[in-house]
Amino acid sequence: QFIVMKLIDQTYQIQGIGVADLAEKYGTPVYVYDGEKIVNQVKLLQDAFSGVNMKIKYATKALSNINILKLLKKAGTGMDAVSIEEVKLGLHVGFDPNEIMYTPNCVSFDEIKEAVDMKVMINLDNIPMLEHFGRVYGNSVPVCIRLNPHIMAGGNAKISVGHIDSKFGISILQLKHILKVVKEYDLNVIGLHVHTGSDILEAEVFLKGAEILFDAAKEFKDLMFLDFGGGFKVAYKEGDISTDIMDVGKKVSVAFQQFCKEYGKELELWFEPGKFIVSESGYLLARANVIKSTPASTFVGVDSGLNHLIRPMMYDAYHGVFNVSKTGGEQHVYSVVGYICETDTIAADRKLNTVEEGDILAIKNAGAYGFSMASNYNSRLRPPEVLILGGKDYLIRERETFDDILKHQINIDI
Ligand code: LLP
């Protein structure tokens, strides 16, 4: 197993670089990513599938720094983009348009048009848009259809998106209606897509999604790929299990090969993982500002909060925390909280090596949906990002300054 942060010679290190040194060099808070881990995850996924043409379309929203995209391009992935801005980021770093899947939800037709002009793969998830697309483009532009398979899956209600009450995809129960629209406008449907949720442990969920896709696929003659979405679970807690990617790879490969035989054509098999690729690569480093004991607990207040990492508050997500300034000695139970004017508990009741003012805490699993969901709430600055590659650290995003807070505000005469 690829461990990102290692304790060597009484120092926490990533690729031989002291983590506390990184905090000193770049200041805190700071996001740090291990590039080798990211590439390793891509390899793991590629190696898990055999006998099928599997393509990774990295879910850009998880971590969208252009250098991460460049690294992934080099590692051989494509991209899944959910906004026109993500499409532009992909093109900006040199992805070929046909390596980019554009999977929007509830965007205007103007945005779809913009994406068509950029020649990326369009994935539509509602019938009115499919009709609009048909009226404008007929069969001149290939298209993919996102189906809602009505599978309840995912680690939290907010990230379960393939069930019957979800706003995503076109209900599989509306397949007849889809086929009517496809026929009416002679649409060139070359792909079908499902995504059921995030933090999915069992291979069976992916197989269930596959079965539904295979069934629907029989109704389309010109398919070139089936897209199974993302959602592989990674370990957040100590002792947590992750999706057994070898198991998923083996089972899905066998089922897919069988389907292709029946379909009479070798299709491409797509996955769109975000967390699996980048979650474990990243740490948010923050400094202990205040140690505050109350009759009920001991708080460690750090120089970060829900403005930089919203997952604990938004999804009750668990993120491991280490005191990287202390490698031994006594331990105490702390609640690690942010400096935001909200109850922004990052980690409740955790045993940490005794924390003193100024110590550096490393918050784990911060690679996915960390910086990308960060904000300027409380008019705070967003942190810098640092990428570690080949044993060297690179600043890949500067810390914001107060000018950034003022940048788009217009000062009128009042
Ligand atoms: N494909 C589609 C169409 C998606 O909507 C998503 C995530 C993915 C792929 C990637 O899922 P992943 O492999 O990263 O689980 N912000 C939440 C996760 C929800 C993201 C929404 N869609 C979190 O921090 O847990």
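Because the structure is predicted, anything quoted here is derived from the model rather than measured.

Chemist: Provide a residue-level description of the sheet that holds strand S2 (residues 11–14), including the pertinent values.
Modeler: The strand order across the open sheet formed by 3 strands is S1-S2-S3, and the pairing between neighbours is antiparallel. The open sheet has two edge strands with one neighbour each: strand S1 (5–8) and strand S3 (17–18). In this sheet, S3 lies alongside S2 in antiparallel orientation, the contact comprising 2 bridges. Among the inter-strand pairings, Ile-14 is bridged to a residue of S3, identified as Ile-17.

Chemist: Residues and numbers for the domain arrangement of the chain, please.
Modeler: According to the domain assignment, the chain consists of domain 1 (5–33 + 281–406) and domain 2 (64–273). The straight-line distance from the C-alpha centre of domain 1 to that of domain 2 is 34 Å. Domain 1 puts 14 residues into the contact, and the matching count from domain 2 is 11 residues. Looking at the side of domain 1 that touches domain 2, the elements that each hand over two or more residues are helix H11 (311–315), strand S20 (385–389) and strand S21 (392–397). Residue composition of the side of domain 1 that touches domain 2, grouped by class: 7 nonpolar, 4 polar and 3 charged.

Chemist: Can you lay out the site of the ligand for me, pointing to particular residues and giving the numbers?
Modeler: Near the ligand, the surroundings consist of 20 residues, among which Ala-59, Ser-198, Gly-230, Gly-274 and Tyr-369 are the closest. Broken down by secondary-structure element, the contributors of at least two residues to the shell around the ligand are helix H10 (275–278) and H11. Of the residues contributing to the shell around the ligand, the split by class is 9 nonpolar, 7 polar and 4 charged. Taken domain by domain, the makeup of the shell around the ligand includes at least three residues from each of domain 1 (5–33 + 281–406) and domain 2 (64–273).

Chemist: For the packing of helix H2 (residues 35–48) against helix H3 (residues 66–75), give the residues involved together with the corresponding values.
Modeler: Two elements in contact, H2 and H3, have axes separated by 10 Å at closest approach and are oriented at 40°. In terms of orientation, H2 and H3 fall into the oblique class. The interaxial crossing formed by H2 with H3 has right-handed handedness. For the pair formed by H2 and H3, the contact residues are Gly-35, Ile-38, Val-39 and Val-42 on the first element and Ile-68, Leu-71, Leu-72 and Ala-75 on the second.

The rules behind these values
Residues numbered from 1 in each chain as written. Predicted model: local features only at pLDDT ≥ 70, side-chain atom pairs only at ≥ 80, totals over all residues. Pairing = 2+ DSSP bridges. Helix = DSSP H or I, 4+ residues; strand = E, 2+ residues; numbered from the N terminus. Domains from an automatic or database assignment. Contact = placed C-beta atoms within 7 Å. Nonpolar A, V, L, I, M, F, W, Y, C, P; charged D, E, K, R; others polar. Near = placed C-beta within 6 Å. Axes fitted to C-alpha atoms, helices over the stretch in contact; angles between N-to-C directions. Parallel < 35°, antiparallel > 145°, perpendicular 65-115°, else oblique. Left-handed = near helix turned anticlockwise from the far one by under 90°.

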